[in-house]
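A closer look at the structure
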Amino acid sequence: MASENSDTKHLVDTGQQVYVPNYAPKHIVLDRGEGARMWDLDGNEYIDLSTGIAVNSFGHQHPDLVAAFTEQGRKLWHASNIYYVEPAVRLAEEIVESTFADRVFFCNSGSEANEAAIKLVRKHASMHGPDDKREIISFEGSFHGRTLAAVTATAQPKYHEGFGPMPGGFSYCDFNDPDAISRMISDKTCAVLVEAVQGEGGITPAQQGFLKHLRTLCDKHNALLVFDEIQCGMGRTGKMFGYEWEDVTPDVVTMAKALGGGMPIGALLVAGKAADALPFGSHGSTFGGNPVAAAVARAAFRLARSPETMANVEKQGDRFRAALHEVNEELGLFKDIRGRGMMIGAELVDAHAGKAGELLDVCTAHGLLTLVAGPDVLRLLPPLTITDEETSEAVSKLGAACRAWAGA
Ligand SMILES: *Cc1c(COP(=O)(O)O)cnc(C)c1O
């Protein structure tokens, strides 16, 4: 790679001084993207298998998204929820028409969508249940966001440290353990919150039958079933929602990340008996349903629904998985290669435990942007619209990076 130019050095140095130190960004300044390719300020080219963490699912500068953005950008940027705006009404209408949902609430991020879901299930319980029906159950290894309630639902202690006292009423159950959840759920449970494929927790799909088991238990105890589809939704697994790999119907779904294709937007989808649980004045968001974000999200949602996109997820996802298996036969780096569609995790063998970040850096040096999911798992979230040719290049870079890292 070319050496860092003075702009890169200046921006990295400045960022380190003026940002709160909660992130540790790579010393790369990303400057431009097109399709599955990105370029940094020094002109280095990358294939992007990180998609801004499952956000740029339709690649960079997708013509449909650029057109929606430009058209709305010339008309109206913001109006508040005191008035209707067309893009948000149309987006909600399209979501309701094509999913389980009866109603939609818009916000600006995944955490906010989960925050809204948490408030909705509590409100619903307060309207229809006994006073002590407050408990929300989530699962070990989950990730639901960083706001205080969403991070409390996130059943990973490392995210809680120092932020207590945490909001009460949250319980954590082992993921994929049907007996454990059968024991934990009770009439005091107002909701069960689950990712159909755990993302941050290591790309761990729910085992076949687990989500259906949750549905049965929720029905029995009059609790709402909430799917956090923020990472695994929007076509990422080859279906619109990750939960659709099982024959199960949710009460509530949260979306964000790829919904805006890069514009910040989150959504809460709700059906049936809970759809009226947030009455006038009970919740809100100044930016929620912002016309520019909603206009771009309509284009993104259309792409996510298209059979061509879904076929590509299956096709290219299989190619990435096959490439990982092939490289693994040669090098023996991974003990498990898992996930669905284009949500792929490769867990390092015990001898390399904790070193996923090292492998990621070697991938970057080979011109490939990847992610980790925890210390042991290399995570690939390619654009759902990645081309044959881009995949070929990505796969060859991935092989080269793995060989270089293994010293082979
Ligand atoms: C990223 C993520 C969130 C949080 O979304 P933000 O937009 O960062 O607040 C919540 N749930 C899941 C499953 C996620 O992957």
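Residues numbered from 1 in each chain as written. Predicted model: local features only at pLDDT ≥ 70, side-chain atom pairs only at ≥ 80, totals over all residues. Heavy atoms only, no water.

**Section: the domain arrangement of the chain**
The cut-off we apply is this: Note that domain bounds follow an automatic or database assignment of domains. Any two residues whose heavy atoms approach within 4.5 Å are treated as being in contact. Summed over both partners, the accessible area lost on bringing two parts together, with a 1.4 Å probe, is the buried area. A pairing counts as a salt bridge when a side-chain nitrogen of Lys or Arg comes within 4 Å of a carboxyl oxygen of Asp or Glu. What qualifies as a polar contact is a pair of N or O atoms within 3.5 Å, subject to a donor-acceptor requirement within protein and to the restriction that residues adjacent in sequence count only when both atoms come from side chains. Strands here are runs of E lasting at least two residues and helices are runs of H or I lasting at least four, both read from the DSSP assignment and numbered beginning at the N terminus.
The domains assigned to the chain are domain 1 (8-61 + 308-406) and domain 2 (76-305). With 25 residues of domain 1 at the contact, the number on the domain 2 side is 28 residues. Summed over both sides, the interface between domain 1 and domain 2 buries roughly 2100 Å², with carbon and sulfur atoms accounting for 61% of that surface. The largest per-residue losses of area from domain 1 upon contact with domain 2 belong to Phe-58, Arg-340 and Met-343, which jointly make up 37% of the total buried on that side. Linking domain 1 with domain 2 are one salt bridge. Put simply, Arg-379 and Glu-200 hold a salt bridge, and the shortest N to O gap is 2.9 Å. Seen at the junction of domain 1 and domain 2, the total is nine residue pairs in polar contact (both at pLDDT 80 or more). Put simply, the parts of the chain that give the side of domain 1 that touches domain 2 at least two residues each are α2 (51-54), α10 (307-331), β13 (334-340), β14 (343-348) and β17 (377-380).

**Things to note about the site of the ligand**
What counts, and what does not: We call a residue near a molecule or strand when any one of its heavy atoms sits within 4 Å of it. The Shrake-Rupley method, run with a 1.4 Å probe sphere, supplies the accessible areas, and residue values consider only the shown protein chains as cover. The nonpolar class holds Ala, Val, Leu, Ile, Met, Phe, Trp, Tyr, Cys and Pro. Asp, Glu, Lys and Arg form the charged class, and all remaining residues, Gly among them, are polar.
In the vicinity of the ligand, the contacting residues are Ser-109, Gly-110, Ser-111, Asn-114, Phe-143, His-144, Gly-145, Glu-195, Asp-228, Ile-230, Gln-231 and Lys-257. Take Asp-228: an N or O atom from its side chain is 2.7 Å from a nitrogen atom of the ligand. Between Gln-231 and the ligand, the recorded distance is 2.8 Å, taken from a side-chain N or O atom to an oxygen atom. Protein chains shield 83% of the accessible area of the ligand, which is 380 Å² for the free molecule. Examining the composition of the shell around the ligand, we find that three residues originate from one element, helix α5 (residues 110-128), more than from any other. Residues belonging to the shell around the ligand are distributed by class as follows: two nonpolar, seven polar and three charged.

**Notes on the packing of helix α3 (residues 63-73) against helix α9 (residues 291-305)**
Operational definition: Geometry is summarised by axes, namely lines fitted to C-alpha atoms with helices restricted to the contacting stretch, and by angles between N-to-C directions that run from 0 to 180 degrees. Angular relationships are summarised with four words: roughly parallel below 35 degrees, roughly antiparallel beyond 145, roughly perpendicular across 65 to 115, and oblique for the angles in between. Helix crossings get a hand from a simple test, with the near helix turned counterclockwise from the far one by less than a right angle marking a left-handed crossing and a clockwise turn marking a right-handed one.
Running from amino to carboxyl end, α3 crosses α9 at an angle of 155 degrees, the nearest separation of the two axes being 8 Å. Judged by the inter-axis angle, α3 sits roughly antiparallel to α9. In the packing of α3 onto α9, the handedness of the crossing is right-handed. Contact with α3, carried on its side by Asp-64, Leu-65, Ala-68, Phe-69 and Gln-72, involves Pro-291, Val-292, Ala-295, Val-296, Ala-299, Ala-300 and Leu-303 of α9 and no other residues of that element. When grouped by side-chain class, the residues that make up the contact of α3 with α9 number 10 nonpolar, one polar and one charged.

**Overview of the layout of surface pockets**
Applied cut-off: Only protein atoms enter the 1 Å grid used here, on which a cavity is any set of points holding a 1.4 Å probe that cannot leave and a pocket is any open set flanked by protein within 12 Å on both sides along at least five of seven lines; residues with an atom within 4 Å of a point are listed as lining. Grid points are joined across faces, edges and corners, and a volume is the space filled by probe spheres set on the points.
Of the volumes computed, that of the second largest pocket is approximately 1100 Å³. Counting residues per element, the lining of the second largest pocket draws most heavily on helix α4 (residues 86-98), at five residues. Among the residues making up the lining of the second largest pocket, the classes are represented as 21 nonpolar, 12 polar and four charged.

**A short note on the packing of helix α11 (residues 356-365) against helix α12 (residues 388-406)**
Where α11 meets α12, the axes come as close as 9 Å, and the angle between the chain directions of the two elements is 125 degrees. Compared by their axis directions, α11 and α12 come out oblique. Seen along the crossing, α11 lies across α12 with a hand that is right-handed. Residues Glu-358, Leu-359, Val-362 and Cys-363 of α11 form the contact with α12, whose own contacting residues are Leu-398, Ala-401, Cys-402, Ala-404 and Trp-405. For the contact of α11 with α12, a count of residues per class yields eight nonpolar, no polar and one charged.

**Description of unusual backbone geometry**
Cis geometry marks the peptide bond from Gly-164 to Pro-165; its omega dihedral reads -5 degrees. Tracing the backbone through its elements, the reader meets Pro-165 in the loop between α6 (148-153) and β6 (170-173). Of note in this structure, Asn-176 is not a glycine but carries a positive phi near 65 degrees.

**Regarding α11**
Heads up, the condition is: Accessibility here uses a 1.4 Å probe with only protein chains present; expressed as a share of the type maximum, an area under 20% marks a residue as buried, one over 50% as exposed, and anything in between as partly exposed.
Where α11 is concerned, the buried positions are Ala-356, Leu-359, Leu-360, Val-362, Cys-363 and Thr-364. Of the residues one or two after α11, Gly-367 is the one with positive phi, at around 80 degrees.

**Here's the deal with the nonpolar core**
The criterion, for reference: For our purposes a nonpolar core is just a set of buried Ala, Val, Leu, Ile, Met, Phe, Trp, Tyr and Cys residues, chained together by side-chain atoms within 4.5 Å.
Counting 91 residues, the largest nonpolar core has Phe-139, Leu-211, Leu-214, Met-234, Tyr-243, Leu-269 and Phe-334 as the members making the most contacts within it. A per-element tally of this core places α9 first, with nine residues. Each of domain 1 (8-61 + 308-406) and domain 2 (76-305) contributes no fewer than three residues to this core. Look past the residues within four positions of Leu-269 in its chain and what remains in contact with it is Ile-95, Thr-99, Phe-100, Ala-101, Arg-103, Phe-241, Asp-251, Val-252, Val-253 and Met-255.

**So, the pairing of β14**
Going by this rule: Here the rule is simple: two strands pair whenever DSSP picks up at least two bridges between them.
Counting buried residues in β14 gives six out of six residues, a clear majority hidden from the surface. Every second residue of β14 is oriented toward a common face, with Met-343, Gly-345 and Glu-347 on one face and Ile-344, Ala-346 and Leu-348 on the other, all of them buried. Here β13 runs beside β14; their pairing, made up of six bridges, is antiparallel. The residue of β14 that forms the bridge with Phe-334 is Leu-348. Here β13 folds back onto β14, and the loop between the two strands holds two residues, one of which, Gly-341, carries a positive phi near 55 degrees. Strand direction decides the pairing type here: β14 and β17, joined by four bridges, are antiparallel. Its bridge partner lying in β17, Ala-346 is registered against Leu-378.

**What about the sheet that holds strand β2 (residues 37-40)?**
In spatial order, the strands read β1-β2-β3-β15; together these four strands make up an open sheet with mixed pairing. Two strands bound the open sheet, and with one partner strand each, they are β1 (30-34) and β15 (368-369). Running at roughly 105 degrees to strand β3 (residues 45-48), α12 makes contact with β2, β3 and β15 of the sheet.

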